[in-house]
Amino acid sequence: MAASRPAREAAGRHFLRSKRLATDLVAEAEIRRGDLVVEIGGGTGVLTKALAQAGADLLVIERDPVLASELRSRFAQLAAIEIVEADAAEHDWPDRPFAVIANLPFARSGAILARLLSSPSVPLRRAHLIVQWEFAVKHTAVWPSTVRSIYWRAWYDVSIARRLDRSAFSPPPSVDSAVLRLERRGRPRVPVGLNESYWRFLTRAFAAREPLRRTLRPSLSPLEVKRLAPALGFSPEARPWEVDAEQWAKLFAFASQRAAR
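For clarity, every value in this text was computed on a predicted model and none was experimentally measured.

Participant: Tell me about empty space enclosed by the protein, residues and numbers included.
Facilitator: One pass over the full model with this rule turns up two cavities of 30 Å³ or more. The calculated volume of the largest cavity comes to roughly 150 Å³. When residues of the lining of the largest cavity are traced back to their parent elements, those giving at least two are β1 (15-16) and α3 (46-53). Residues of the lining of the largest cavity, tallied by class, amount to nine nonpolar, eight polar and two charged. Surrounding the second largest cavity, Leu 25, Leu 47, Ile 101, Ala 102, His 128, Ile 130 and Val 179 form its lining. The set of elements that each furnish at least two residues to the lining of the second largest cavity consists of β5 (98-103) and β6 (124-132). Considering only residue class, the lining of the second largest cavity consists of six nonpolar, one polar and no charged.

Shown next as structure tokens:
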């Protein structure tokens with residue numbers, strides 16, 4: 001394993017130390033025999049082994065060529081595991097329902113999740129993702145919200161499953177981690193086919209950083225926003241980050257109906 005040390009250090013990666021913790025994380029993700037699972041960043045194979053023991057059909061995406069080679073050698077005898085050397089922020093996802101289990105590199109968490117969650121047509125059922133604690137807190141907060149978290153919550157319930165101390169990793173990071181959990185909603189807040197329109201609607205408003213009565217024009221007039229505010233439960237002077245996922249979805253629905261008239 002010594003040959004992979006320079007690659008690990010260059011990548012700034014932090015690997016799970018405990019096989020027992022990996023097994024617990026897989027169990028908490030409710031992985032069943034035959035489930036298709038994508039592991040982003042196989043690393044040293046601790047999570048990979050736990051997923052294999054759970055009986056998952058496993059696709060491992062590992063960006064580092066040394067680590068990918070080691071994973072292929074280690075799991076060569078298991079037909080249910082495919083190791084792909086690729087960047088998850090650019091790789092295509094499976095076209096049948098799948099789950100994601102991942103210990104994401106902190107520096108690339110945003111780019112990878114942007115790829116994974118860019119379109120709700122991707123058949124992702126659930127994801128359990130180890131990320132930096134502050135990243136998880138930021139994107140699970142009801143208030144203040146972020147444009148990404150509002151968009152994700154149109155199709156997923158987003159929460160923190162657990163907190164992981166930095167001592168659980170080798171080398172230990174400078175901050176603690178969280179398991180960020182996403183579960184596909186039974187009833188989406190926004191129709192899947194309107195995801196691009198919804199993203200444009202949100203990004204225009206968040207970019208302006210002004211009260212909604214100004215930022216939502218011409219989709220909604222200031223008077224319409226003023227009338228909708230008490231009905232939906234936000235202030236007429238609210239900024240974009242002061243409105244929650246349910247309120248945003250209803251504003252979008254009203255704007256879409258108005259445009260169709």
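Participant: Give me the environment of Asp 92: which residues, what numbers.
Facilitator: Note that Asp 92 resides in the loop between β4 (81-85) and β5. Sequence separation between Asp 92 and Leu 116 is 24 residues, and the spatial gap between their C-alpha atoms is 9.0 Å. Here Arg 115 takes part through its side chain, which lies 3.0 Å from a polar atom of the side chain of Asp 92.

Participant: Give a description of the packing of helix α10 (residues 222-232) against helix α11 (residues 245-260) that names residues and reports values.
Facilitator: It is the contact of α10 with α11, at a shortest axis distance of 11 Å, that shows an interaxial angle of 140°. Taken together, the axes of α10 and α11 lie oblique to each other. The way α10 lies across α11 gives a crossing that is right-handed. Across the interface between the two elements, Glu 224, Leu 228 and Leu 232 of α10 pack against Gln 247, Lys 250, Leu 251, Phe 254 and Arg 258 of α11. Residue composition of the contact of α10 with α11, by class: four nonpolar, one polar and three charged.

Participant: Lay out α10 in plain terms, naming residues and giving numbers.
Facilitator: Listed as buried for α10 are Glu 224, Val 225, Leu 228, Ala 229 and Leu 232. Buried residues of α10, viewed axially, fall in a sector of 140°; they line one side. Residues of α10 that are exposed and angled more than 90 degrees away from the buried face: Lys 226, Arg 227 and Pro 230. Tucked inside the fold, the buried residues of α10 contact α9 (212-215) and α11. Looking at the residues trailing α10, positive phi occurs at Gly 233, about 95°.

Participant: Lay out the nonpolar core in plain terms, naming residues and giving numbers.
Facilitator: Grouped together as the largest cluster of nonpolar side chains are 58 residues, with contacts concentrated most on Val 100, Leu 129, Tyr 198, Trp 248 and Leu 251. At six residues, the largest contribution of residues to this core is made by α11. Of all hydrophobic cores here, the second largest spans 27 residues; its members include Ala 29, Val 37, Ala 99 and Phe 169.

Participant: Describe the packing of aromatic side chains, and please don't skip the residues or the numbers.
Facilitator: For the structure shown, the criterion picks out nine aromatic pairs. Seen in terms of ring centroids, Tyr 151 and Trp 199 are 5.1 Å apart; in terms of plane orientation they differ by 70°. Their pairing is edge-to-face. With Tyr 151 in helix α7 (residues 147-152) and Trp 199 in helix α8 (residues 195-208), the pair connects residues that are 48 residues apart, well separated along the chain. With relative accessibility at 5%, the residue Tyr 151 sits in the buried group. The partly exposed category is assigned to Trp 199, whose relative accessible area is 34%. Each ring, one from Trp 155 and one from Tyr 198, has its centre 6.3 Å from the other, and the planes form 90°; the classification is edge-to-face.

Participant: Account for the environment of Leu 232, naming residues and giving values.
Facilitator: Residue position: Leu 232 is located in helix α10. Setting aside its immediate chain neighbours within four residues, Leu 232 contacts Gln 247, Lys 250 and Leu 251.

Participant: Residues and numbers for the side chain of Ser 109, please.
Facilitator: Considering the arrangement of structural elements, one finds Ser 109 in helix α5 (residues 109-116). Looking at Ser 109, the relative accessible area reads 2%, which means it is buried. Sequence-distant contacts of Ser 109, that is, excluding residues within four places in its chain, are made with Leu 104, Val 131 and Phe 135.

Participant: Would you mind going over the pairing of strand β9 (residues 177-184) in detail, with residue names and values included?
Facilitator: Looking at chain direction, β6 and β9 are connected through seven bridges and run antiparallel. Paired with Ile 130 across the strands is Val 179, a residue of β9. Examined bridge by bridge, strand β7 (residues 156-164) and β9 share eight bridges and lie antiparallel to one another. From the neighbouring strand, Asp 157 faces β9, where its bridge partner is Glu 183.

Cut-offs applied
Residues numbered from 1 in each chain as written. Predicted model: local features only at pLDDT ≥ 70, side-chain atom pairs only at ≥ 80, totals over all residues. Heavy atoms only, no water. 1 Å grid on protein atoms, 1.4 Å probe; cavity = no way out; pocket = protein on both sides within 12 Å on 5 of 7 lines; lining within 4 Å. Points joined across faces, edges and corners; volume = space filled by probe spheres on them. Helix = DSSP H or I, 4+ residues; strand = E, 2+ residues; numbered from the N terminus. Nonpolar A, V, L, I, M, F, W, Y, C, P; charged D, E, K, R; others polar. Polar contact = N/O pair within 3.5 Å; in protein donor to acceptor, adjacent residues only side chain to side chain. Axes fitted to C-alpha atoms, helices over the stretch in contact; angles between N-to-C directions. Parallel < 35°, antiparallel > 145°, perpendicular 65-115°, else oblique. Left-handed = near helix turned anticlockwise from the far one by under 90°. Contact = heavy atoms within 4.5 Å. Buried < 20%, exposed > 50% of the residue type's maximum accessible area, 1.4 Å probe, protein only. Arc of directions from axis to C-beta. Core = buried A, V, L, I, M, F, W, Y, C linked by side-chain atoms within 4.5 Å. Phe/Tyr/Trp six-rings, centres within 6.5 Å; stacked < 30°, edge-to-face > 60°. Pairing = 2+ DSSP bridges.

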